[in-house]
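So you can see what is in the structure, the chains are spelled out below.
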Amino acid sequence: MAELAFCNPDILKWARKRLGYSVEDAAQKLQISNPEKLRLAEADEAKITINQLNNASKRYGLPVSYFYLPDIPGIERRQTQDFRLNADADLAFTPEMNRALFWAQDVREDALWLAEEGHYSANKLSWSAEGKDPAEVIKSIREAIGANHIRHDSVDSAFEWWRTEIENMGVLVLETDHHQNFSISGAAIYFEICPIIILNGTEPYKRKKLFTLAHEFSHLLFSDSSLDEFQTTVHQRDDREKLCNILARKLLLPDDHLARRYHPDIGEELKAIKDISIEYKVSRFVVLLALRDLRLISKDDFQEFYSILEDQFQAFREKITTRRRERDSSGGPPPHIMKTKKLGKTFSRGVLSALWTGGIRQTEAVRMLDNLNVKHFEKFAERAFR
């Protein structure tokens, strides 16, 4: 006979409702065959099993011990309805999305604790565009971090460089994994201290992920919390989203750089766009839209080139989809790579520092590092400090 869990029914119900699961959906997630059993358990008229409680812990993103507390824990987390929305509501307003947002805020709480102990720098975002000329703020940021003098060999190296620089400005940058079903491109969660950027870690288009990082960073400059689906549409209707797209582009590809580099011979325009895309690690659509906004190409040329790029992108998408299937079938990268990608090197180093100096126990380090198995710690540390 299965062992029963004598947990707090009020917390069982609270944990489900805070994510937005219906009783029916939650029962399926917890592997409870009859939803009525879960409803009765939440009313203290039945008991779920230990295995089902462990499922609840995993699905609701809470430690098992929380379900045995005498009272509902005072955990305040921002939910999807608290955010600016630039995505389909069917994608954004889901229990999985809430769970990802809660997870990110839980990591932030760990980061704040590590900061108190001297293992992490949790600072106020060092830049703001509120009440200022946003374009000038972006220009100042590039100058301050030396972006004008950096050239990257690959999109991967560009992304790592920008992620590190944004983390150094006081932002916690996280990536989701395939288990989290994070269905949009990115999110920004503004806090005065240690704001958060969440990126879709399963995004197959590297330039898109880099641009999303810059876009969410732009939201934080306005103290925004936002859920975003990446759009390079010809006409962006939302003024704030349009502005953040422009600022993201200026951060990665400044106006003066673009104007200096775009002087193609007749018939060589698309090659020039491709060359700029390769140099600055942004998509060709981003370059083309910038050329239009700066009036460096005619409206007719813009429409013609946009149509050509869309056709090229469809072929590229099919190629990427094939590669992704092959990668998924191989099992993906090893855990030490996945966890550093997910948590970022800055936070990872803070956890390791606390562990090595006796500030936390190994079990706590495992939890902070997203349940990374101890056997992977050595390789994880090598990557985090690389």
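In case you missed it, the structure is sitting above this.
Note that the structure is predicted; figures quoted are calculated from it, not measured.

Colleague: When you look at helix 15 (residues 335-343) in this model, what are you seeing that I'm missing?
Modeller: Turn by turn, an α-helix covers 3.6 residues, leaving residues three or four places apart pointing in a common direction. Here helix 15 has its buried residues at His336, Lys339, Thr340, Lys342 and Leu343. Seen end-on, helix 15 carries its buried residues on one side only, within an arc spanning 160 degrees. Of the surrounding secondary structure, the elements contacted by the buried residues of helix 15 are helix 6 (95-116), helix 8 (155-168), strand 2 (172-175), helix 16 (345-356), helix 17 (362-368) and helix 18 (377-384).

Colleague: Please explain the sheet that holds strand 2 as it appears in this structure.
Modeller: Strand pairing in a sheet relies on backbone hydrogen bonds, with the paired strands running either antiparallel or parallel. Within the open sheet, the five strands sit side by side as 1-5-3-4-2. Their pairing is mixed. Both outer strands of the open sheet, strand 1 (84-86) and strand 2, are each paired with one neighbouring strand and no more. Averaged over all adjacent pairs, the angle separating strand axes in this sheet is 10 degrees, with direction ignored. Where strand 2 and strand 4 (residues 196-199) come together, four bridges link them in parallel fashion. Of the residues in strand 4, the one forming a bridge with Glu175 is Leu199. Relative to strand 2, helix 6 is tilted by about 140 degrees, and along the sheet it contacts strand 2, strand 3 (186-189), strand 4 and strand 5 (226-228).

Colleague: It is not clear to me how the environment of Ser348 should be interpreted in this structure. Could you clarify?
Modeller: Tracing the sequence through the fold places Ser348 in helix 16. Sequence separation between Ser348 and Arg77 is 271 residues; the distance between their C-alpha atoms is 22 Å. Setting aside its immediate chain neighbours within four residues, Ser348 contacts Thr340, Leu343, Leu369, Phe380 and Ala384.

Colleague: Please explain the packing of helix 6 against helix 16 as it appears in this structure.
Modeller: Helix packing for two helices is described by the angle between their axes and how far apart those axes are. Close contact between helix 6 and helix 16 brings their axes to 10 Å; oriented N to C, the two are set at 50 degrees. With respect to helix 16, the element helix 6 is oriented oblique. In this structure, helix 6 meets helix 16 at a crossing whose hand is left-handed. Contacts between helix 6 and helix 16 involve Val107, Asp110, Ala111 and Leu114 on the former and, on the latter, Phe347, Gly350, Val351 and Ala354. Across the contact of helix 6 with helix 16, the residue classes break down as six nonpolar, one polar and one charged.

Colleague: I tried to follow the nonpolar core on my own but got confused; where do I start?
Modeller: In globular proteins that are soluble, nonpolar side chains generally tend to be buried together. Judged by nonpolar contacts, the single largest core of 52 residues is most densely connected at Trp162, Ile197, Leu213 and Phe217. For this core, the secondary structure elements donating two or more residues are helix 7 (134-145), helix 8, strand 4, helix 9 (206-221), helix 10 (239-252), helix 12 (269-280), helix 13 (284-293) and helix 14 (299-329). Residues contacting Trp162, with those up to four places away along its chain left out, are Arg142, Ile145, Ala147, His152, Leu210, Leu213, Leu251 and Leu252. Of all hydrophobic cores here, the second largest spans 40 residues; its members include Leu114, Leu343, Leu352 and Ala365.

What counts as what
- Residues numbered from 1 in each chain as written.
- Predicted model: local features only at pLDDT ≥ 70, side-chain atom pairs only at ≥ 80, totals over all residues.
- Heavy atoms only, no water.
- Buried < 20%, exposed > 50% of the residue type's maximum accessible area, 1.4 Å probe, protein only.
- Helix = DSSP H or I, 4+ residues; strand = E, 2+ residues; numbered from the N terminus.
- Arc of directions from axis to C-beta.
- Contact = heavy atoms within 4.5 Å.
- Pairing = 2+ DSSP bridges.
- Axes fitted to C-alpha atoms, helices over the stretch in contact; angles between N-to-C directions.
- Parallel < 35°, antiparallel > 145°, perpendicular 65-115°, else oblique.
- Left-handed = near helix turned anticlockwise from the far one by under 90°.
- Nonpolar A, V, L, I, M, F, W, Y, C, P; charged D, E, K, R; others polar.
- Core = buried A, V, L, I, M, F, W, Y, C linked by side-chain atoms within 4.5 Å.

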